[in-house]
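Examining the three-dimensional arrangement
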Amino acid sequence: MRHGEVENPSGVLYGRLPGYHLSELGRQMADRVAEHLASRDVTHVCASPLERAQETATPIAKAHGLVLDTDERLIEAENVFQGKTFGVGDGALRKPDNWKHLVNPFRPSWGEPYIDQVVRMTGALNAARDRARGHEAVLVSHQLPIWIVRSYVERRRLWHDPRKRQCTLASLTTFTYQGDKIVSVGYSEPAIDLVPVHLRAGAKPQKGKGTAQGKAFGA
């Protein structure tokens, strides 16, 4: 699961920075997904150590009477632009100081290598599989790592256009195992009616709309 909306009035790319919590809307998203999953056979709930993921996972764990676990491997990807504004229409790409970080979109040069994200996220998935074998587990993470591990499993190239990620706020990307092997991947959006239109999967970024001028940074 991707976490819910974050309170980010300054519109920075918050990445792994501490102190970024769910907004009121984000808490509603978390509660909605907890309700959606209440009847599922969930025996393990785990989250990234970042506040927004922990706060999203808490109502899910509570609904199933489980203690929330934390896995560092579910954390957001590293990014050199963390703590800065970096979005569509803000002029960041015209700043010479940023160019050295944008030379290789295939690795990528501005942050954690995609393959490193695959390794840690696959490890977290497999650990959850073992903890909940024969049942279901819920892991709460962040948009980029979720999309990258899904792309790997579905045998797509890892470099991509960020605007085309199918990983809306509070969405569920489901990996189904048969034994130790992933046999299918699913996707659903149980809180889609709560997600602002410009922040939904595939939507074009719009400056000046919604929280933080429409920017979904550090997601």
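Residues numbered from 1 in each chain as written. Predicted model: local features only at pLDDT ≥ 70, side-chain atom pairs only at ≥ 80, totals over all residues. Heavy atoms only, no water.

Before going further, it helps to examine the pattern of salt bridges. Applying the stated criterion across every chain, the model contains 16 salt bridges. Residues Arg-16 and Glu-78 are paired through a salt bridge, measuring 3.3 Å at the closest nitrogen-oxygen approach. Taken together, the residues Arg-16 in the segment before helix 1 (24–37) and Glu-78 in the loop between strand 2 (69–70) and helix 3 (96–99) connect sequence positions 62 residues apart. Glu-154 is the partner of Arg-150 in a salt bridge, and the nearest nitrogen-oxygen pair spans 3.2 Å. Under the relative-accessibility criterion, Glu-154 is labelled partly exposed at 29%. If you follow the salt bridges from partner to partner, you end up with Arg-16, Glu-78, Glu-112 and Arg-120 in one network. (Salt bridge = Lys/Arg side-chain N within 4 Å of Asp/Glu carboxyl O. Helix = DSSP H or I, 4+ residues; strand = E, 2+ residues; numbered from the N terminus. Buried < 20%, exposed > 50% of the residue type's maximum accessible area, 1.4 Å probe, protein only.)

Here the focus is the confidence of the model for the protein. Chain-level statistics for the protein give a pLDDT mean of 88 and a share of 84% at 70 or above. Across residues 207–218, where pLDDT falls below 50, the model places 36 contacts with residues more than four positions away in sequence or in other chains. (pLDDT = per-residue confidence, 0-100. Contact = heavy atoms within 4.5 Å.)

Moving on to the packing of helix 1 against helix 2 (residues 51–63). The relative placement of two packed helices comes down to the angle between their axes together with the axis-to-axis distance. Between helix 1 and helix 2, the shortest axis-to-axis distance is 8 Å and the interhelical angle comes to 30 degrees. By the angle class used here, helix 1 and helix 2 are roughly parallel. As for the relative orientation of helix 1 and helix 2, their crossing is right-handed in sense. Taking contact as the criterion, the partners of Ala-30, Asp-31, Val-33, Ala-34 and Leu-37 in helix 1 are, on helix 2, Glu-55, Thr-56, Pro-59, Ile-60 and Ala-63. Partitioning the contact of helix 1 with helix 2 into residue classes produces 7 nonpolar, 1 polar and 2 charged. (Axes fitted to C-alpha atoms, helices over the stretch in contact; angles between N-to-C directions. Parallel < 35°, antiparallel > 145°, perpendicular 65-115°, else oblique. Left-handed = near helix turned anticlockwise from the far one by under 90°. Nonpolar A, V, L, I, M, F, W, Y, C, P; charged D, E, K, R; others polar.)

Taken N-terminus to C-terminus, the directions of helix 4 (residues 114–131) and helix 5 (residues 143–153) make an angle of 85 degrees; their axes are 9 Å apart at the nearest point. The angle between helix 4 and helix 5 falls in the class roughly perpendicular. Taking contact as the criterion, the partners of Tyr-114, Gln-117, Val-118, Arg-120, Met-121, Thr-122 and Leu-125 in helix 4 are, on helix 5, Leu-144, Pro-145, Ile-146, Ile-148, Val-149 and Tyr-152. Considering only residue class, the contact of helix 4 with helix 5 consists of 10 nonpolar, 2 polar and 1 charged.

Our focus in this paragraph is unusual backbone geometry. In this structure, Arg-155 takes a positive phi of about 60 degrees despite not being glycine. On the basis of relative accessibility, which here comes to 80%, the residue Arg-155 falls in the exposed class.

Structurally, Gln-117 is set in helix 4. Setting aside anything within four residues of it in sequence, one finds Gln-117 in contact with Ala-77, Glu-112, Leu-144, Pro-145 and Ile-148.

Most of helix 5 sits inside the fold, with 9 of its 11 residues counted as buried. Buried residues belonging to helix 5 abut helix 4, strand 4 (172–178) and strand 5 (181–188).

Ranked by size, the top nonpolar core spans 21 residues in total, and within it Met-1, Met-29, Val-33, Val-45, Ile-60, Val-138 and Val-140 carry the most contacts. The set of elements that each furnish at least two residues to this core consists of helix 1, strand 1 (42–47), helix 2 and strand 3 (136–140). Setting aside residues no more than four positions away along its own chain, Met-29 makes contact with Gly-4, Glu-5, Leu-169, Ala-170, Ala-191, Leu-194, Val-195 and Pro-196. Core analysis: the next-biggest nonpolar cluster, separate from the first, contains 11 residues, Cys-46, Met-121, Ala-124 and Phe-175 among them. (Core = buried A, V, L, I, M, F, W, Y, C linked by side-chain atoms within 4.5 Å.)

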